[in-house]
Amino acid sequence: MSQFAAAFGAAVTTVGVGAVVVARSWPVPTGRHRAPRPVAEPLRPVEALDQFEAYCPAEDRPTLQLHLRLGGSVCTECRNDTTGVAQ
């Protein structure tokens, strides 16, 4: 066997092994996975927050307020922080 034939055989083998490695890395559906569940319609951000009615000094009347995650509250109409206001 000539050196050319040996080198050509080694190159073909290397390309073949590389192709198999690349093909195995592709995600192929195996049928073992479940179909995703239908997702319920998510809440709008305003609906997801804790809401209550309290006096807003900027509006000078009771308005809808939102509890903030890190504490405090905010008026939904004027967006002023009403943390210090008695509820």
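Just above sits the structure.
Summarised in this report is the structure supplied together with it.

What counts and how
- Residues numbered from 1 in each chain as written.
- Predicted model: local features only at pLDDT ≥ 70, side-chain atom pairs only at ≥ 80, totals over all residues.
- Heavy atoms only, no water.
- Patch = residues over 30% accessible without salt bridge, like charges linked within 9 Å, V, L, I, M, F, W, Y side chains within 5 Å.
- Areas by Shrake-Rupley, 256 points an atom, 1.4 Å probe, with all protein chains shown as cover.
- Salt bridge = Lys/Arg side-chain N within 4 Å of Asp/Glu carboxyl O.
- Helix = DSSP H or I, 4+ residues; strand = E, 2+ residues; numbered from the N terminus.
- Buried < 20%, exposed > 50% of the residue type's maximum accessible area, 1.4 Å probe, protein only.
- Pairing = 2+ DSSP bridges.
- Polar contact = N/O pair within 3.5 Å; in protein donor to acceptor, adjacent residues only side chain to side chain.
- Contact = heavy atoms within 4.5 Å.
- Phe/Tyr/Trp six-rings, centres within 6.5 Å; stacked < 30°, edge-to-face > 60°.
- Axes fitted to C-alpha atoms, helices over the stretch in contact; angles between N-to-C directions.

A word on a nonpolar patch on the surface. Together, Phe4, Phe8 and Val12 give the surface a local cluster of nonpolar side chains, amounting to about 370 Å² of exposed area. Mapping phenylalanine 8 onto the fold places it in helix H1 (residues 3-25). Overall, phenylalanine 8 belongs to the exposed group, its relative accessible area being 53%.

The next point concerns the pairing of strand S2 (residues 61-67). As defined by bridge partners, strand S1 (residues 51-56) adjoins S2 across 6 bridges and the pair is classed as antiparallel. If you follow alanine 54 over to S2, its bridge partner there is threonine 63. Here S1 folds back onto S2, and the loop between the two strands holds 4 residues, one of which, aspartate 60, carries a positive phi near 60 degrees. Linking S2 back to strand S3 (residues 73-75) in an antiparallel pair, the connection comprises 5 residues, with glycine 71 at a positive phi of about 105 degrees.

What follows concerns the side chain of glutamine 65. Positionally, glutamine 65 belongs in strand S2. By relative accessible area, glutamine 65 is classed as buried at 1%. At a separation of 2.9 Å, a polar atom in the side chain of glutamine 65 contacts the side chain of threonine 63. Among all residues touching glutamine 65, those that are not within four sequence positions of it are Asp50, Gln51, Phe52, Ala54, Tyr55, Cys56, Ser73, Val74, Cys75 and Thr82.

Mapping arginine 61 onto the fold places it in strand S2. In this structure arginine 61 touches Ala54, Tyr55, Cys56 and Glu77, once residues within four positions along its chain are discounted.

The next subject is the packing of aromatic side chains. Aromatic ring pairs are described here by two measures, namely the spacing of the ring centres and the angle between the planes. Under the defined criterion, the tally for this structure stands at 1 aromatic pair. When the ring of phenylalanine 4 is compared with that of phenylalanine 8, the centres are 6.3 Å apart and the planes differ by 15 degrees; the resulting orientation is stacked. Of the two residues, phenylalanine 4 and phenylalanine 8 both sit in helix H1, 4 residues apart, roughly one turn of that helix. Owing to a relative accessible area of 68%, phenylalanine 4 belongs among the exposed residues under this scheme.

Bringing the sheet that holds S1 into the picture now. Reading across from one edge, S1-S2-S3 is the order of the 3 strands in this open sheet, with antiparallel pairing throughout. The sheet is open, and its two borders are formed by S1 and S3, each paired with just one other strand. For this sheet, the mean inter-axis angle between neighbouring strands, taken without regard to orientation, is 45 degrees. By the bridge criterion, 3 bridges tie S2 to S3 in an arrangement that is antiparallel.

One non-glycine residue, aspartate 60, lies in the positive phi region at around 60 degrees. Tracing the chain through its elements places aspartate 60 in the loop between S1 and S2. For aspartate 60, a relative accessible area of 55% translates into the label exposed. Despite not being glycine, arginine 79 has its phi angle at roughly 65 degrees, a positive value. Position of arginine 79 relative to the elements: it lies in the segment after S3.

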